[in-house]
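One-letter residues, chain by chain:
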Amino acid sequence: MSVELIALLMFLCLFFVLFLGLPVALGLGGTAVLFAYLLTPHTLMAAPSAFFSTPWQHILVTVPLFLFMGNLIRFSGIAEAAYDAAYKLIGHLPGGLAVGTVQVSTLFAAITGITPPATITMGQIAYPSMMKYNYHRGIAIGSIGAGGALGALIPPSVPLIFYGLLANESIGALFLGGVIPGIMLAIMYSIYIVIRCKIQPYMGPPIPRDERFTLSEKIKTVFSIWPFIVLVFLVLGVIWLGVATPTEAAAFGASGALLINIAYRKLTWKILKDSLEFTVKLTGMGLWILIGANLFVNVFSAVGAQDVITSLVTSMPGGEWGVLIMMMLIIMILGMVMDDWAIIMLVTPLFVPILNIMGINLLWFGILFIVNIQMAYLSPPFGFVLFWIKSILPKGVSMGDIYKSVLPFILIQLLALILLLLFPQLALWLPNTVMD
């Protein structure tokens with residue numbers, strides 16, 4: 001059997017298993033074990049190594065700490081305070097509440113590191129508020145989905161941690177690289193919302209004049225979001241200043257989130273239990289996917305398929321640009337059927353050797369990767385954010401409504417991806433400046 005056919009069969013087997021609905025970790029690991037048993041039994045010796053060495057990589061300590069921090073923040077009341085501040089500060093503008101939703105999601109992303117908390121929390125807080133003020137369903141749902149997806153890009157991004165681990169890139173540098181693209185996307189979303197609501201006032205009418213607030217009330221509400229500023233400094237500031245490593249910053253952040261819950265008198269045994277349970281489940285899922293991907297890539301390389309893929313990709317027309325565009329398309333398609341962690345753990349070890357041969361900057365590619373995954377999050381028919389949104393919205397909201405709502409924001413994400421491809425310094429300038 002030719003190596004090319006083996007590579008094709010491995011991927012077909014993997015996607016068939018995933019299509020059946022089996023867990024991603026089982027699909028990756030099971031496919032690897034099956035082909036190893038049939039073709040290269042000696043590679044089964046990689047299984048014990050994958051099980052015992054993978055979870056002990058020190059950078060993985062950051063994952064449960066950031067997850068714990070993000071989940072505690074969901075219960076702290078900070079999101080409600082921040083949305084209230086946005087309501088008072090910019091609610092009088094056309095589309096102001098939708099812009100506020102994006103901005104609060106951006107701040108939320110800078111604390112949680114993952115997508116679900118911001119999406120779910122802002123869906124529960126912002127959607128009813130926007131409906132109360134007669135916002136169009138499309139702009140309301142779209143702003144929640146697009147804002148929530150920023151959690152994958154803005155540090156402390158857990159997807160960037162996994163990418164950095166597999167690509168052997170500095171986590172601190174990747175965090176810095178995600179800052180400007182994340183802020184850029186949030187600004188682009190906001191500009192689109194304001195322009196759209198100016199042209200079509202019914203999409204996002206300003207709040208009534210008799211509900212607007214005085215300058216002193218606006219200043220007072222700004223001070224209510226101090227916990228956001230403190231946590232962002234604890235997590236990112238200590239990394240930028242060289243005071244702490246990402247692992248230590250994660251510990252600072254988790255401790256800060258715990259103290260804020262105590263200060264707000266929100267911490268109960270149930271919240272602590274639920275947060276710990278969420279953290280353990282999600283961390284366990286991530287580790288199992290990482291183990292399965294490690295095993296799959298080991299077997300894939302052992303049968304010679306990695307060399308075939310590398311040779312095929314590097315011989316494509318278009319050179320570096322042809323390779324990048326093809327990889328972006330692959331990630332986009334995978335994102336419609338797989339979650340972000342699984343995509344990162346599957347394709348990063350396959351892509352990195354090719355990127356090194358082509359001389360493509362791995363930090364830049366990592367940011368492109370995660371921006372692309374944000375598009376996949378929102379892309380019909382199986383974008384994961386779409387289903388999270390559906391789970392928290394009223395029953396009258398159909399999947400068709402959600403699909404139509406997010407399409408303009410997907411186009412904005414595509415524009416941002418193109419800008420990052422054309423101007424790599426958008427991702428590289430900050431890490432190069434701070435880390436030098």
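Since the model is a prediction, treat every value here as computed from it, not as a measurement.

How each quantity is defined
In this numbering scheme, every chain counts its residues from 1 along its sequence in written order. Per-residue local features are limited, in this predicted model, to residues with pLDDT of at least 70; the limit for side-chain atom pairs, both in listing and counting, is 80 or more; totals at the level of whole chains, interfaces and linings are taken over all residues. To get the side-chain values, all heavy atoms of the structure are used, and hydrogens and water are removed first. The way it works is that DSSP assigns letters per residue, a run of H or I at least four long becomes a helix, a run of E at least two long becomes a strand, and they are numbered from the N terminus. Residue exposure (1.4 Å probe, protein chains only): buried if accessible area is under 20% of the type maximum, exposed if over 50%, otherwise partly exposed. Methods summary: accessible areas were calculated by the Shrake-Rupley approach with a probe of 1.4 Å, and residue burial reflects only the protein chains presented. In summary, the charge assignment counts Lys and Arg as positive and Asp and Glu as negative, without counting His or the chain termini. Working definition for charges: the position is that of NZ of Lys, CZ of Arg, CG of Asp or CD of Glu. Any Lys or Arg side-chain nitrogen found within 4 Å of a carboxyl oxygen on Asp or Glu counts as a salt bridge. Known as pLDDT, the predictor's per-residue confidence is scaled from 0 to 100. Residues enter a nonpolar core if they are buried and are Ala, Val, Leu, Ile, Met, Phe, Trp, Tyr or Cys, with the set joined through side-chain atoms within 4.5 Å. Residues count as neighbours in contact if any of their non-hydrogen atoms are within 4.5 Å of one another. Only protein atoms enter the 1 Å grid used here. Points where a 1.4 Å probe fits but cannot escape make up a cavity, open sets with protein on both sides within 12 Å along at least five of seven lines make up a pocket, and a residue lines them when an atom lies within 4 Å of a point. Grid points are joined across faces, edges and corners, and a volume is the space filled by probe spheres set on the points. Polar here means any residue other than Ala, Val, Leu, Ile, Met, Phe, Trp, Tyr, Cys and Pro, which are nonpolar, and Asp, Glu, Lys and Arg, which are charged; Gly is therefore polar. What makes a patch is a set of residues exposed beyond 30% relative accessible area and free of salt bridges, joined within 9 Å when like-charged and within 5 Å when nonpolar (Val, Leu, Ile, Met, Phe, Trp, Tyr). For this analysis, a ring pair means two rings from Phe, Tyr or Trp (six-membered ring only for Trp) whose centres lie within 6.5 Å, classed as stacked if their planes differ by under 30 degrees, edge-to-face if by over 60, and tilted for the remaining angles.

Right, let's get into the overall build of the protein. A count of helical and extended segments in the protein gives 21 helices and zero strands. Judged by the C-alpha coordinates and their principal axes, the protein covers about 75 × 45 × 45 Å. Scored against the burial criterion, the 436 residues of the protein give a buried share of 56%. Of the roughly 18100 Å² of accessible surface on the protein, a fraction of 72% belongs to carbon and sulfur atoms. Across the protein, the mean location of the 18 positive side-chain charges is 17 Å away from that of the 16 negative side-chain charges.

Here we come to the pattern of salt bridges. For the structure on display, the rule yields four salt bridges. Note that Asp 274 is salt-bridged to Lys 270, the shortest N-O span being 2.8 Å. In this pair, Asp 274 and Lys 270 are both assigned in helix α14 (residues 269-302), four residues apart and thus about one turn of the helix distant. Of the residues examined, Asp 274 reaches a relative accessible area of 24% and is grouped as partly exposed.

Right, let's talk about the confidence of the model for the protein for a bit. Low pLDDT marks regions whose predicted coordinates should not be analysed in detail. Summary statistics for the protein give a mean pLDDT of 80 and a share of 93% for residues scoring 70 or more. Across the protein, the secondary-structure element scoring lowest on mean pLDDT is helix α3 (residues 46-53), at 68, and the one scoring highest is helix α10 (residues 171-199), at 91.

Let us look at the nonpolar core. Core analysis: the biggest nonpolar cluster contains 155 residues, and Met 130, Phe 162, Ile 193, Phe 365 and Phe 369 have the highest contact counts within it. In terms of residue count, the dominant contributor to this core is helix α18 (residues 362-378) (13 residues). Excluding residues within four positions of it along the chain, Phe 365 makes contact with Tyr 163, Leu 324, Met 327, Met 328, Ile 331, Phe 351 and Leu 355.

Bringing empty space enclosed by the protein into the picture now. A water-sized probe rolled over the atoms picks out the places where empty space is left. Inspection of every chain in the model, using the stated rule, returns one cavity of 30 Å³ or more. Looking at the largest cavity, the residues that line it are Gly 335, Met 338, Asp 339, Asp 340, Ile 343, Ile 373, Ala 376, Tyr 377 and Phe 384. Among the secondary structure elements, those contributing two or more residues to the lining of the largest cavity are α17 (340-358) and α18. For the lining of the largest cavity, the element with the most residues is α18, which contributes three residues. When grouped by side-chain class, the residues that make up the lining of the largest cavity number six nonpolar, one polar and two charged.

Glancing now at unusual backbone geometry. Non-glycine residue Asn 134 carries a positive phi angle of around 65 degrees. Assignment of secondary structure puts Asn 134 in the loop between α7 (116-132) and α8 (137-149). On the accessibility criterion, Asn 134 (60% relative accessible area) is exposed. Despite not being glycine, Asn 168 has its phi angle at roughly 60 degrees, a positive value.

Time to look at a nonpolar patch on the surface. Judged by side-chain polarity, Trp 321, Ile 325, Leu 329, Leu 411, Leu 414, Ile 418, Leu 422 and Phe 423 come together as a nonpolar surface patch covering roughly 770 Å² of accessible area. Looking at the nonpolar patch, the elements with two or more residues in it are α16 (319-335) and α20 (399-422). Looking at which element gives the most residues to the nonpolar patch, the answer is α20, with four residues. Note on placement: Leu 329 falls in helix α16. A relative accessible area of 46% means that Leu 329 is categorised as partly exposed.

Throughout the structure, instances matching the rule amount to five aromatic pairs. Plain terms: the ring middles of Tyr 163 and Phe 369 are 6.0 Å apart, the flat faces sit at 75 degrees to each other, and that makes the pair edge-to-face. Of this pair, Tyr 163 sits in helix α9 (residues 158-167) while Phe 369 is found in helix α18, placing the two residues 206 residues apart along the sequence. Judged by its relative accessible area of 1%, Tyr 163 is buried. For Phe 369, a relative accessible area of 0% puts it in the buried group. Geometrically, the ring pair formed by Phe 351 and Phe 365 is edge-to-face, given 6.2 Å between the ring centres and 80 degrees between the ring planes. On the criterion of sequence distance, the pair formed by Phe 351 in helix α17 and Phe 365 in helix α18 is long-range, its members being 14 residues apart. In this structure Phe 351 comes out as buried when scored by relative accessible area, which is 6%. Among the aromatic side chains, those forming a connected cluster through ring pairs are Tyr 163, Phe 351, Phe 365 and Phe 369.

Take the environment of Gly 29 next. Inspection of the secondary structure puts Gly 29 in helix α2 (residues 24-39). Note: C-alpha distance between Gly 29 and Leu 14 (15 residues apart in sequence) is 9.3 Å. Each residue touching Gly 29, except ones within four places of it in the same chain, is listed here: Gly 292 and Leu 295.

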